[in-house]
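Residue-level listing of the chains:
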Amino acid sequence: TPAVMGTAPGYRPIAERSELDRWLLGELNDTIEFVTEKMDSYDHFTACGKLITFVDSLSNWYVRRSRARFWSGEETSSKSDAYWTLYESLVTLAKLIAPFVPYLSERIWLMLTGSFNGAASESVHLCDYPVADPAVIDKGLAQRMKRVREVVSLGRNARMGAKLKVRQPLAAIQIIPAEASVKEEIAQYVDLIKEELNVKDVLFLEKADECISYQISPDLKKLGPKLGRRLPAVKKALTETDGSSLLAEMKKNGTITIDADGEAVQLTEDEVLIRLQTKEGYAAAQG
């Protein structure tokens, strides 16, 4: 319980912990808020999806990024923070999942609280449901970490596509942000990205022309009924037009207009297929 944690040796307030710890506990409280709202409206399926997302963040990002702290031989505040953050998250998660997986949540609860000698509730199902603390939720930090995780995920996808495993060091990752604000969010995590993707440098480019190109083609299922006999002409016009310029027009206007045998045809983003093509020496992924 918070009262037990607050007086335990090595326990520090959340605000004094590392950014990674604050991020996870922010995600935890955001999950509590979201799940409570959805369950109050009987939208249990969506609530489950949020819980699964949190477990993925906990397991595949927080635990992995904290391994050095967990296994550190020194009894530092950083190591203690990592253990307390993980413990708080698991105890709260056991309460959150109790209505969905009652036996599993009970097993987790007993394993985590059994050493309290009766100080904790004897069953997770006798506990109050968690209540979110809005003060712990940092939307800016959540957004930055989301961007970094996306970059790392795309980097891994590019490696897999080129059959280059992470243990093989590469010269650089080049990031082409969709917006200037994205670069600002990611730039402070350059060392983290280098470590996660095993690259020697992280570069930010304004344009991707030197390493990738785009091929834009019509979505036949959607445009066939709409265009009828004009479809071949539209397909030919898209093939002959530079994909990068079409994509830039799409981002600017939300649509593209092409000349199909002298007739102007306007297409929306969901009516075309955009394929990423890499130039020699590069592997790429897009998100």
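Please refer to the structure higher up on the page.
A quick note: this is a predicted structure, and the numbers were derived from the prediction, not measured.

Visitor: So, the packing of aromatic side chains: which residues are in play, and what are the values?
Guide: One pass over the structure, following the stated rule, counts 4 aromatic pairs. Their ring planes at 85 degrees and their centres at 5.2 Å tell us that tyrosine 11 and tryptophan 84 sit as a pair that is edge-to-face. Linking tyrosine 11 in the loop between α1 (2-6) and α2 (19-40) with tryptophan 84 in helix α5 (residues 77-97), this pair joins segments that are 73 residues apart in sequence. For tryptophan 84, a relative accessible area of 16% translates into the label buried. Centroid distance tryptophan 84 to tyrosine 87: 6.1 Å. Interplanar angle 85 degrees. Geometry classified as edge-to-face. In this pair, tryptophan 84 and tyrosine 87 are both assigned in helix α5, 3 residues apart and thus about one turn of the helix distant. Here a set of aromatic residues connected by ring pairs shows up, and it is made of Tyr11, Trp84 and Tyr87.

Visitor: Tell me about the environment of isoleucine 32, and please be specific about residues and values.
Guide: Structurally, isoleucine 32 is set in helix α2. Judged by relative accessible area, isoleucine 32 falls into the buried class, the value being 4%. When the C-alpha atoms of isoleucine 32 and leucine 126 are compared, they prove to be 18 Å apart, with 94 residues separating the residues in sequence. Excluding anything up to four places from it in sequence, isoleucine 32 contacts Thr92, Leu96, Pro130, Val131 and Ala132.

Criteria and thresholds
Residues numbered from 1 in each chain as written. Predicted model: local features only at pLDDT ≥ 70, side-chain atom pairs only at ≥ 80, totals over all residues. Heavy atoms only, no water. Phe/Tyr/Trp six-rings, centres within 6.5 Å; stacked < 30°, edge-to-face > 60°. Helix = DSSP H or I, 4+ residues; strand = E, 2+ residues; numbered from the N terminus. Buried < 20%, exposed > 50% of the residue type's maximum accessible area, 1.4 Å probe, protein only. Contact = heavy atoms within 4.5 Å.

Read these as geometric descriptors, not functional statements.
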